[in-house]
Amino acid sequence: MADIDFDRVIAIAEEGGALAMRDWKLDKMADKTWEKSPGQIVSDADLAVDRFLRSELEKLVPSAGWLSEETHIDHSSAGAELTWVVDPIDGTKDFVAGKTGWCVSVALVQNDSPIFGVLVAPAMKEAWVAKAGSHTEVNGRTLHASQRRQYDGCRIPAEALPPELNLTAVAKPNSIALRMAMVADDRADVVASTRWGHEWDIAAAHVIAAEAGASVTDALGKNLVYNGTHGKALGVLCCSQNLFDAAVQRIGKYVIEHGASH
């Protein structure tokens, strides 16, 4: 792999965040939004940030493939050695509602694994960065993932949780990437989804959380493989390594009883 200016990648993501902020105001609904499919909101800002990121990142590494939520995908880059996996605004529902739980997510995948990730959350004034095998940080501070050992009472980003689950609800950003980052920074213990999700939702957060010491797999505890032919995975599990077995057992039981969501 040729040398890549990762500082420039961070700068590009931050510039993308600044571009998005032009259309975001706290507690104010964003203009120019619509549903690209039932329940799937998109805004002019999503498309503007996507165009900017693609232009700048492709100039930085012309040989890399491209996989993004907002760009038409033909999967011609599947199997490429290097691929940018991008969500220009992860957590669009929070973005358009004037809430802070959204971010610009940029990952570089080599073969089938993310090797670099950056999440820029300008409304929260946080920037998360990780390089596989090297470091992971938020605003320059080294991350250490949750080490919780007991599942009962563990912290889960949620608006509310049934009391009988004996779990603790903590703040829930709409962005799944930011929820995974919370585990990386010991602000939460478990984040799980049984929905069929997309690589761009989790690729950057995957390397950030894994480098911090969290377990990151699909919902059933299997390895996540990126840069495939469909860009999807069966959910995600991001948790303290000490809770991994218990989490997989509980999620597996849920999937058997209720099935995976689409």
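Residues numbered from 1 in each chain as written. Predicted model: local features only at pLDDT ≥ 70, side-chain atom pairs only at ≥ 80, totals over all residues. Heavy atoms only, no water.

A. Looking closely at the nonpolar core. One finds Leu119, Trp128, Met180 and Cys238 to be the most contacted residues of the largest nonpolar core, which totals 39 residues. Of all the elements in the fold, those that place two or more residues in this core are strand E5 (103-110), strand E6 (113-121), strand E7 (126-131), helix H4 (176-184), helix H5 (199-212), strand E13 (214-217) and strand E14 (232-240). Discounting residues that sit within four places of it in the chain, Trp128 has contacts with Gly117, Val118, Leu119, Glu137, Val138, Leu143, Leu178, Ala181, Asp185, Arg187 and Ile208. Val61, Val96, Leu108 and Phe116 belong to the second largest nonpolar core, which has 32 residues in total. (Core = buried A, V, L, I, M, F, W, Y, C linked by side-chain atoms within 4.5 Å. Buried < 20%, exposed > 50% of the residue type's maximum accessible area, 1.4 Å probe, protein only. Helix = DSSP H or I, 4+ residues; strand = E, 2+ residues; numbered from the N terminus. Contact = heavy atoms within 4.5 Å.)

B. Just the side chain of Thr217, in detail. Following the sequence through the fold, Thr217 ends up in strand E13. Residues in contact with Thr217, not counting those within four places in the same chain, are Lys222, Leu224, Gly235, Val236, Leu237 and Phe244.

C. Examining the packing of H4 against H5 more closely. Running from N to C, H4 and H5 point in directions that differ by 0 degrees, and their axes come no closer than 9 Å. Judged by the inter-axis angle, H4 sits roughly parallel to H5. When H4 is examined against H5, the residues Ile176, Ala177, Met180 and Ala184 are found in contact with a partner set consisting of Asp201, Ile202, Ala205, His206, Ile208, Ala209 and Ala212. (Axes fitted to C-alpha atoms, helices over the stretch in contact; angles between N-to-C directions. Parallel < 35°, antiparallel > 145°, perpendicular 65-115°, else oblique.)

D. Molecular detail of the packing of helix H1 (residues 6-21) against helix H2 (residues 44-60). Running from amino to carboxyl end, H1 crosses H2 at an angle of 165 degrees, the nearest separation of the two axes being 9 Å. Of the possible angle classes, the one that applies to H1 and H2 is roughly antiparallel. Between H1 and H2 lies a crossing whose hand is right-handed. Each of Arg8, Val9, Ile12, Ala13, Glu15, Gly16, Leu19 and Ala20 in H1 lies in contact with H2, whose residues at this interface are Ala48, Val49, Phe52, Leu53, Glu56, Leu57 and Leu60. Of the residues belonging to the contact of H1 with H2, the class tally is 11 nonpolar, one polar and three charged. (Left-handed = near helix turned anticlockwise from the far one by under 90°. Nonpolar A, V, L, I, M, F, W, Y, C, P; charged D, E, K, R; others polar.)

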